[in-house]
Amino acid sequence: MSESTIEFREVNKTNWIECIQLELEDNQTGFVSSNLFSLAQSKFEPCRKPFAIYNMSAQMVGFIMFNDCPLDDGSYRISRLMIDKRYQGRGYGRLAVQEAINRLRQIPDCVEILLDFAPENDVAAKLWTSLGFVVFDQRQHNLVAKLVLL
Ligand SMILES: CC(C)(COP(=O)(O)OP(=O)(O)OC[C@H]1O[C@@H](n2cnc3c(N)ncnc32)[C@H](O)[C@@H]1OP(=O)(O)O)[C@@H](O)C(=O)NCCC(=O)NCCS
């Protein structure tokens, strides 16, 4: 079943523990850094903005992080995306990426969005390509894809 919308909320004193307790299936844990790591990273790299993803029933269903000012190499990236295993397959991942793209589009010098994913991550590959991301490089083990913003 697909739901029509999601909401990004800041990760703060009241919800960070719930955020780090979100879980993936065992065979997915290698696809994305832990939310605990990502939250720590965002404290030391303040351009990176972490958000908890909520559904319309105000349940925290996932986590996303992207940057709202350029990283050291000038890039804008969706650096993390995970949907808790209880909530996968309901359209939340797609909605979250669409919301992130909309937000990044508002940034004048953001002309493309980068991300990377493991070649064996078929669900992510399908999601990214269906949203217009095109693989153009391989870095270490991961495929690197970009979406050019028109
Ligand atoms: C990738 C991920 C974020 C997708 O989130 P999601 O909410 O389950 O995805 P959605 O429900 O929005 O579905 C997105 C697409 O993937 C497909 N999909 C979702 N789960 C699937 C599954 N288990 N098997 C096959 N396809 C699947 C859906 O069919 C959908 O395609 P469609 O819209 O053409 O039907 C989620 O699976 C996840 O957290 N995976 C582990 C972490 C990860 O890989 N993060 C990305 C790192 S790059």
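Reading the values: the criteria
Residues numbered from 1 in each chain as written. Predicted model: local features only at pLDDT ≥ 70, side-chain atom pairs only at ≥ 80, totals over all residues. Heavy atoms only, no water. Disulfide = S-S within 2.5 Å. Helix = DSSP H or I, 4+ residues; strand = E, 2+ residues; numbered from the N terminus. Buried < 20%, exposed > 50% of the residue type's maximum accessible area, 1.4 Å probe, protein only.

A. Region of interest: the state of the cysteines. What the rule picks out here adds up to 1 disulfide. One disulfide in the model links C47 with C69; its S-S distance is 1.7 Å. Looking along the S-S bond of the C47-C69 disulfide, the torsion reads about -110 degrees, which is the left-handed sense. Taken together, the residues C47 in the loop between α2 (35-44) and β2 (48-54) and C69 in the loop between β3 (60-67) and β4 (78-83) connect sequence positions 22 residues apart. Exposure remark for C47: the relative accessible area of 17% places this residue in the buried category. Classification of C69 by relative accessible area gives partly exposed; the value is 27%. As a non-bridged cysteine, C19 has C47 as the owner of its nearest cysteine sulfur, 20 Å distant. No disulfide involves C110; its sulfur sits 11 Å from the nearest other cysteine sulfur, which is in C69. The exposure class assigned to C110 is buried, which follows from its relative accessible area of 5%.

Geometry only, nothing functional implied.
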